[in-house]
Amino acid sequence: MVLEICAEDKIQDLLPQRNESGDKRTQGTALIVAGSANMTGAPALCAMAALRSGVGLLTLASPKSIIPILQAQLLEPVFFPLEEDTAFSGVLSRKNIAAILKNLEYQNALAIGPGLGTAATTQNAIRDILTATEKPAVVDADAINALDLDFMRNELKSNHFIFTPHLREWERNFGKFSIATDLAKVVSEMAQEMQQVFVLKASPILIGTPSGKVYAVEAKNSGMAKGGSGDVLTGIIVALLAQGLSLENAALLGVLLHQKAGRITREELGAFSMLPSDVISNLYKVFS
């Protein structure tokens, strides 16, 4: 295992090149599959973070019943209403799998998970989507909760995924930690075994890569320890994937941009009062 400590000064080296003459599709297209009846904030935060991070055309797929709520908050995305089962209203269901996979043919990247919930039909749909797609994808939140190690080892065919669990999601799905656990070693071993990128949202944040290299980014900001912060990170990373960055670079740059925007926001508003939406509002300051 090789451990590299990364700071904000690495951002400029990783930023994608903009095509100053290209149209919206040349700047990258992305699909976000997120949200449910009780969690409308997660898709809104994820989408707005992606839009503030350079994606050219964003499609937001959410259950049909919550689309009006999202349309009242967001102006820029293309909305993709998901049909709902009578028995499972307000959530992603398996009846949408074919339509989502068809839409993905026109996308450069996928983000799936924020606010989807844990209904059985939703978990089954997530598994079916992830086993069928070859697109680079950020797998977050409830999409992680739909998986386990056996499924990942035996069913996932693509190695184009970035998994972004926090500590409890990791323990719930991939194994418990102890006081003596070397988190960097665990993340490195998992990334090498699965040949995927893993972002463990801890302190520091650890990014494990299939080569065995682990990046560590300092994360000492209690103002970011609030619901919705992970949704913002997912949006940033999927926008970077859509713009052509590799899985490794998109994950690392996404974490660095997120943390820098969080630092600036804390300096302006303080740890008690800052919100994930404030971090999104400050994203424009971290790309220059």
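See the structure above.
Just so you know, these numbers come straight off a predicted model, no measurement behind them.

A. A look at the sheet that holds strand 1 (residues 2-6). Pairing is mixed across the open sheet formed by 10 strands, whose spatial order is 1-10-9-8-7-6-5-2-3-4. On the outer flanks of this sheet lie strand 1 and strand 4 (78-82), each paired with one strand and no other. With direction set aside, neighbouring strand axes in the sheet form an average angle of 20 degrees. As defined by bridge partners, strand 3 (residues 57-63) adjoins strand 4 across 5 bridges and the pair is classed as parallel. Across the sheet, Thr59 pairs through a bridge with Val78, a residue of strand 4.

B. Structural detail: the packing of helix 4 (residues 97-104) against helix 5 (residues 120-132). With their axes 10 Å apart at the nearest point, helix 4 and helix 5 run at an angle of 35 degrees to one another. For the pair helix 4 and helix 5, the sense of crossing is right-handed. Within the contact between the two elements, helix 4 uses Ile97, Ile100 and Leu101 and helix 5 uses Ala125, Asp128, Ile129 and Ala132. In the contact of helix 4 with helix 5, the residues fall into 6 nonpolar, no polar and 1 charged.

C. Structural detail: the pairing of strand 5 (residues 109-112). Alternating residues of strand 5 divide into Ala109 and Ala111 and Leu110 and Ile112, and every residue in both groups is buried. Bridge analysis of strand 2 (residues 29-33) against strand 5 gives 4 bridges, and the strand direction is parallel. The partner of Ile32 across the bridge, within strand 5, is Ala111. In this sheet, strand 6 (residues 137-139) lies alongside strand 5 in parallel orientation, the contact comprising 3 bridges. The partner of Ala111 across the bridge, within strand 6, is Val138. Handedness of the strand 5-helix 5-strand 6 crossover: right-handed.

D. View of helix 10 (residues 229-242). Helix length check: helix 10 (14 residues) gives 20 Å between terminal C-alpha atoms against 20 Å at 1.5 Å per residue, within 8%. Of all 14 residues in helix 10, 13 are buried, a share of seventy percent or more.

E. Structural detail: the side chain of Ser93. Relative to the elements of secondary structure, Ser93 occurs in the loop between strand 4 and helix 4. Given a relative accessible area of 0%, Ser93 falls into the buried group. When residues no more than four places from it in sequence are discounted, the contact partners of Ser93 are Glu83, Asp85, Thr121 and Ala125.

F. View of the packing of aromatic side chains. In this structure the tally under the stated criterion is 6 aromatic pairs. Aromatic pair Phe161 and Phe163: ring centres 6.0 Å apart, planes at 75 degrees, arrangement edge-to-face. Take Phe161 and Phe163: they sit in the same class, and that class is buried. Ring centres 5.9 Å apart and planes at 85 degrees place the aromatic pair Phe174 and Phe198 in the edge-to-face group.

G. Up close: the environment of Leu253. Within the secondary structure layout, Leu253 lies in helix 11 (residues 247-269). Relative accessible area serves as the criterion here: at 0%, Leu253 is assigned to the buried category. Along the backbone, Leu253 and Gly117 are 136 residues apart, and their C-alpha atoms lie at a distance of 28 Å. If we ignore the near neighbours within four places in the chain, the residues touching Leu253 are Ile11, Leu14, Leu15, Pro16, Leu240 and Leu245.

H. Seen up close, the nonpolar core. Ile32, Ile162, Ile207, Val238, Leu252 and Leu253 are the most contacted members of the largest nonpolar core, which totals 58 residues. Ranked by residues supplied to this core, first place goes to helix 11 with 10 residues.

I. Representation of the pattern of salt bridges. Here the structure, examined in full by the defined rule, presents 12 salt bridges. Lys213 serves as the salt-bridge partner of Glu4, at 2.7 Å between the closest nitrogen and oxygen. Remark: Lys213 occurs in strand 10 (residues 213-217) and Glu4 occurs in strand 1; sequence separation between them is 209 residues. Glu4 gets classed as partly exposed once you look at its relative accessible area, which sits at 22%. Ionic pairing is found between Glu189 and Lys185, a salt bridge with its closest N-O pair at 2.6 Å. A residue pair is termed a helical-turn pair when its members lie 3 or 4 positions apart in one helix, as Glu189 and Lys185 do in helix 9 (residues 183-194) at 4 residues.

J. Structural context of a nonpolar patch on the surface. On the surface, Met1, Leu3 and Ile5 cluster together to form a nonpolar patch covering roughly 340 Å² of accessible area. Tracing the sequence through the fold places Met1 in the segment before strand 1. On the basis of relative accessibility, which here comes to 55%, the residue Met1 falls in the exposed class.

Procedures and definitions
- Residues numbered from 1 in each chain as written.
- Predicted model: local features only at pLDDT ≥ 70, side-chain atom pairs only at ≥ 80, totals over all residues.
- Heavy atoms only, no water.
- Pairing = 2+ DSSP bridges.
- Helix = DSSP H or I, 4+ residues; strand = E, 2+ residues; numbered from the N terminus.
- Axes fitted to C-alpha atoms, helices over the stretch in contact; angles between N-to-C directions.
- Left-handed = near helix turned anticlockwise from the far one by under 90°.
- Contact = heavy atoms within 4.5 Å.
- Nonpolar A, V, L, I, M, F, W, Y, C, P; charged D, E, K, R; others polar.
- Buried < 20%, exposed > 50% of the residue type's maximum accessible area, 1.4 Å probe, protein only.
- Right-handed = clockwise from strand over helix to strand, strands pointing away.
- Expected span 1.5 Å × (residues − 1).
- Phe/Tyr/Trp six-rings, centres within 6.5 Å; stacked < 30°, edge-to-face > 60°.
- Core = buried A, V, L, I, M, F, W, Y, C linked by side-chain atoms within 4.5 Å.
- Salt bridge = Lys/Arg side-chain N within 4 Å of Asp/Glu carboxyl O.
- Patch = residues over 30% accessible without salt bridge, like charges linked within 9 Å, V, L, I, M, F, W, Y side chains within 5 Å.
- Areas by Shrake-Rupley, 256 points an atom, 1.4 Å probe, with all protein chains shown as cover.

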